[in-house]
Amino acid sequence: MIDRETAKKEVEESCGKGWLTLVEILYDNIPTEVSITEIFQKYGKLEIRYEGESKHFEELARNLSYISEKICEICGKSGGYSIIDGWETTLCDFHFNTSKAKKKYRKQE
Ligand SMILES: [Zn+2]
């Protein structure tokens, strides 16, 4: 079980502050039968792993993961799928343009 503060710390250290609101929403809605086991960035999305059964929570976790694909993981502004030196991420225009990576790619929307 990862508690709220640990989850926020891990997400902030691995991505940035951009998705902390999503983590808050997740933790505000955990049913008693569910416990979070892992929360991390994968393929530019927030990946949430947990134990326990809850249809409602399953949908919430899926929705938050989907929303994370549209939110810059560094600052929380509107973002899009980006590849920075081979690392898949979600960045806003500012953080994409100011990244010092040698190779950058952004999906055109
Ligand atoms: Zn940003």
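Above this text is the structure in question.
All values derive from a computational prediction rather than experimental measurement.

Asks: Before we go on, may I ask you to explain the coordination of the zinc ion in this structure?
Replies: Each donor-metal-donor angle in an ideal tetrahedron of four donors is 109.5 degrees, and each such angle in an ideal octahedron of six donors is either 90 or 180 degrees. On the protein side, the zinc ion has Cys72 (SG), Cys75 (SG), Cys92 (SG) and His95 (ND1) as donor atoms, found 2.1 to 2.3 Å from it. According to the relative accessible area criterion, cysteine 75 is partly exposed, its value standing at 35%.

Asks: Explain helix α3 (residues 55-68) to me, please; I cannot follow it from the model alone.
Replies: Note that an α-helix has 3.6 residues per turn; residues three or four places apart therefore point the same way. Here α3 spans 20 Å end to end across 14 residues, near enough to the 20 Å set by a 1.5 Å rise per residue. Residues of α3 that are buried: Phe57, Leu60, Ala61, Leu64, Ser65 and Ser68. All buried residues of α3 lie within an arc of 130° about the axis, which places them on one face of the element. Seen from the buried face of α3, the exposed residues on the opposite side, beyond 90 degrees, are Lys55 and His56. Residues of α3 that are buried sit in contact with α2 (20-28), β1 (35-42), β2 (45-51) and β4 (87-91).

Asks: What exactly am I supposed to notice about the pairing of β2 here?
Replies: For a regular strand, side chains alternate in direction, first toward one face of the sheet and then toward the other. Two elements, β1 and β2, share seven bridges in a ladder whose sense is antiparallel. When the sheet's bridge partners are listed, lysine 42 is paired in β2 with lysine 45. Hairpin connection, β1 to β2: the antiparallel pair is bridged by two residues, and tyrosine 43 has positive phi, about 50°.

Asks: Explain the packing of helix α1 (residues 4-14) against α2 to me, please; I cannot follow it from the model alone.
Replies: For any two helices packed against each other, one specifies the crossing angle of their axes together with the interaxial distance. Packing of α1 against α2 brings their axes to within 10 Å, and their N-to-C directions diverge by 160°. Taken together, α1 and α2 sit at an angle that is classed as roughly antiparallel. The two elements α1 and α2 meet at a crossing, and its hand is right-handed. Side by side, α1 and α2 meet where Arg4, Ala7, Lys8, Val11 and Glu12 of the first sit next to Leu20, Val23, Glu24, Tyr27 and Asp28 of the second. Of the residues in the contact of α1 with α2, the class split is five nonpolar, no polar and five charged.

Asks: Whenever I open this one, the packing of aromatic side chains confuses me. Can you help?
Replies: Pairs of aromatic rings are described using the distance from one ring centre to the other and the angle between the two planes. Counting across every chain of the model gives one aromatic pair. The interplanar angle of 90° and the centroid separation of 5.0 Å between the aromatic rings of tyrosine 50 and phenylalanine 57 together place this pair among those described as edge-to-face. Geometry around phenylalanine 96 places lysine 104 over its ring, the cationic atom sitting 5.3 Å from the centre.

Asks: Help me out: how do you make sense of the sheet that holds strand β5 (residues 104-106) in this one?
Replies: Note on sheets: strands pair through backbone hydrogen bonds, and any given pair is parallel or antiparallel. Ordered in space as β4-β3-β5, the three strands form an open sheet in which the pairing is antiparallel. Edge positions in the sheet fall to β4 and β5, since each has one partner strand and no second. Each neighbouring strand pair of the sheet contributes to a mean axis angle of 30°, computed without reference to strand direction. Judged from the five bridges that link them, strand β3 (residues 80-84) and β4 form a sheet pairing that is antiparallel. Bridged to glycine 80 within β4 is leucine 91.

Criteria and cut-off values
- The written sequence of each chain sets the order in which its residues are numbered from 1.
- Only residues with pLDDT of at least 70 are given local features in this predicted model, and only at 80 or more are side-chain atom pairs given and counted; all residues enter the totals for whole chains, interfaces and linings.
- Working from all heavy atoms in the structure, the side-chain values ignore hydrogens and water.
- Distances up to 2.8 Å from the metal define which N, O and S atoms are donors, and 3.2 Å serves for Na, K and Ca; water is absent from the atom set, so sites may look incomplete.
- Note on classification: 1.4 Å probe, protein chains only; a residue is buried when its accessible area is under 20% of the maximum for its type, exposed when over 50%, partly exposed between these limits.
- Every helix listed is a DSSP run of H or I at least four residues long, and every strand listed is a run of E at least two residues long, numbered separately from the N terminus.
- Multiplying 1.5 Å by the helix residue count minus one yields the expected span of that helix.
- Our arc is simply the arc of the directions from the helix axis toward the C-beta atoms.
- What makes two residues a contact is simply this: any of their non-hydrogen atoms within 4.5 Å.
- Any two strands with at least two DSSP-identified bridges between them are counted as paired.
- Interaxial angle, 0 to 180 degrees, is taken between N-to-C directions of lines fitted to C-alpha atoms, where a helix line uses only the stretch in contact.
- By definition in this entry, angles of less than 35 degrees are roughly parallel, angles greater than 145 are roughly antiparallel, angles of 65 to 115 are roughly perpendicular, and the rest are oblique.
- Each helix crossing is assigned a hand: it is left-handed if the near helix lies turned anticlockwise from the far helix by less than a right angle, otherwise right-handed if that turn is clockwise.
- Think of it as three bins: nonpolar holds Ala, Val, Leu, Ile, Met, Phe, Trp, Tyr, Cys and Pro, charged holds Asp, Glu, Lys and Arg, and polar takes everything else, Gly as well.
- Only centres within 6.5 Å qualify two rings of Phe, Tyr or Trp (six-membered ring in Trp) as a pair; their planes then separate them into stacked at under 30 degrees, edge-to-face at over 60, and tilted for everything else.
- The rule is short: NZ of Lys or CZ of Arg within 6 Å of the ring centre and within 35 degrees of the ring normal puts a charge over the ring.

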